[in-house]
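The primary structure of each chain is shown beneath.
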Amino acid sequence: MTTLTVHDLFVRYGKSIVAVQGASIEVREGEIVSLLGQNGAGKSTILKVIAGLQPPLSGEVSFGDIDLLHKGANRIAAGIAYVPEDRGVFASLSVGENLRLGAVTRRDRAGVDADIEMQLERFPILRKYWSRGASLLSGGEQQQLSIARALMIRPKLLLLDEPTLGLAPIIVDLIFDVIQQLNDEGVTILLVEQNAVRSIAISDRSYVVQAPGRIIGSGTAQELADNAAVVDYLGFS
Ligand code: ATP
């Protein structure tokens, strides 16, 4: 069992901005877990620490027996892939080049080709626009490219930051379907979302984050529905 454990995490930006205060979360192998909460709550910051993009003030972050806060801890080698909120596609490169870049650490050419084919099956729009510059894709198409590229390392754990933000309802459906499909294929998912209803429905468990970076509740859909503070904060009726 490879469990992601975040324990007592504190993060500050500069001297004065407190982004995360004592957050602890756990994502067990095979789960879909969501981080929910309003803008500025600290969700993306927690994901960035796990992805190695933001050093914390203190706390512990491990994936199985790998200490992710240890200097030089390699996320890709550990099987952790990250899809940032801004999607992070290389705008000046084609769809195909972006996908190949996702596999830049791999040496198994045949395996890479097979995986690209698998992603083109999963996201047919990427096959259609294979040679097109990524900057010419719509937001929803870029999101699909960003996820497909992250999958090129064959991750055990996929970190998704607001993958449906600003997308048309039909693409939101597609992204949630893909998340479920990936999980069925064995990928563990940690999802940051503002769409609390959809996220809770797809997740095994969720954590609710309130600014500045405190976890005010967690659990299954039923446990969250029974938690008055969570219901009040997320605005469910
Ligand atoms: P959103 O849904 O808006 O992305 P979030 O819950 O993901 O919100 P974070 O992006 O983690 O929240 O932000 C937490 C706090 O840290 C906010 O007050 C935010 O303004 C601040 N913050 C985030 N990134 C930086 C940064 N690079 N420099 C300074 N402050 C930052």
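All values reported here derive from a predicted model rather than from experimental measurement. (Residues numbered from 1 in each chain as written. Predicted model: local features only at pLDDT ≥ 70, side-chain atom pairs only at ≥ 80, totals over all residues. Heavy atoms only, no water.)

A. The overall build of the chain, seen in detail. Of the regular secondary structure elements, the chain holds 10 helices and 10 strands. Against the globule reference of 18 Å for 237 residues, the chain gives a C-alpha radius of gyration of 18 Å, in line with a compact fold. Principal axes of the C-alpha set define a box for the chain whose edges measure 50 × 40 × 35 Å. Across the 237 residues in the chain, those meeting the buried criterion constitute 50%. A total of about 11200 Å² of accessible surface is found on the chain, and carbon and sulfur atoms cover 52% of it. Averaging the coordinates of the 22 positive side-chain charges in the chain and doing the same for the 27 negative ones gives two points 8 Å apart. (Helix = DSSP H or I, 4+ residues; strand = E, 2+ residues; numbered from the N terminus. Rg over C-alpha atoms; globule rule 2.2 N^0.38 Å. Buried < 20%, exposed > 50% of the residue type's maximum accessible area, 1.4 Å probe, protein only. Areas by Shrake-Rupley, 256 points an atom, 1.4 Å probe, with all protein chains shown as cover. Lys, Arg positive; Asp, Glu negative; His and termini not counted. Charge placed at Lys NZ, Arg CZ, Asp CG, Glu CD.)

B. Focus on the packing of aromatic side chains. Applying the stated criterion to the full structure yields zero aromatic pairs. It is arginine 132 that lies over the ring of tyrosine 129; its NZ or CZ is 3.9 Å from the centre. (Phe/Tyr/Trp six-rings, centres within 6.5 Å; stacked < 30°, edge-to-face > 60°. Lys NZ or Arg CZ within 6 Å of the ring centre and 35° of its normal.)

C. Quick look at the sheet that holds strand S4 (residues 58-63). Across the sheet, which stays open at both edges, the four strands sit in the order S2-S1-S4-S5 with antiparallel pairing between neighbours. The open sheet has two free edges, formed respectively by strand S2 (17-27) and strand S5 (66-67), since each of these has just one partner strand. As paired strands, strand S1 (residues 4-13) and S4 are joined by five bridges and run antiparallel to one another. By the bridge assignment, threonine 5 is partnered in S4 with serine 62. Packing against the sheet, helix H1 (residues 43-51) makes contact with S1, S2 and S4, and its axis sits at approximately 115° to S1. (Pairing = 2+ DSSP bridges. Contact = heavy atoms within 4.5 Å. Axes fitted to C-alpha atoms, helices over the stretch in contact; angles between N-to-C directions.)

D. How the structure looks around the environment of alanine 51. Looking at the element boundaries, alanine 51 is found in helix H1. For the pair alanine 51 and proline 84, spaced 33 residues apart in sequence, the C-alpha separation works out to 9.5 Å. With residues up to four places along the chain from it excluded, the contact list for alanine 51 reads Arg75, Tyr82 and Leu159.

E. Quick look at the pairing of strand S10 (residues 214-219). Taken together, the five bridges between strand S9 (residues 205-210) and S10 define a ladder with antiparallel strand orientation. Residue valine 208 lies in a different strand from S10, and its bridge partner there is glycine 217. Between the antiparallel neighbours S9 and S10 lie three residues, among them glycine 213 with a positive phi of about 65°.

F. Examining the side chain of glutamine 54 more closely. Following the sequence through the fold, glutamine 54 ends up in the loop between H1 and S4. Here glutamine 54 falls in the buried class, since its relative accessible area comes to 15%. Leave out the neighbours within four places in its chain, and glutamine 54 touches Val11, Arg12, Tyr13, Thr45, Lys48 and Val49.

G. Structural context of the sheet that holds strand S8 (residues 188-193). Read from one edge to the other, the open sheet built from six strands follows the order S6-S7-S8-S3-S9-S10, with strand pairing classed as mixed. Bordering the open sheet on either side are strand S6 (80-83) and S10, each of which pairs with just one other strand. Sheet twist, expressed as the average angle between the axes of neighbouring strands with direction ignored, equals 15°. Relative to S8, strand S7 (residues 157-161) is paired through five bridges, and the arrangement is parallel. Its bridge partner being in S8, leucine 159 is matched across the sheet by leucine 190. Relative to the sheet, helix H6 (residues 139-151) contacts S6 and S7, its axis offset from that of S6 by approximately 170°. Against the sheet, helix H7 (residues 169-184) touches strand S3 (32-36), S7 and S8, its axis set at about 155° to S8.

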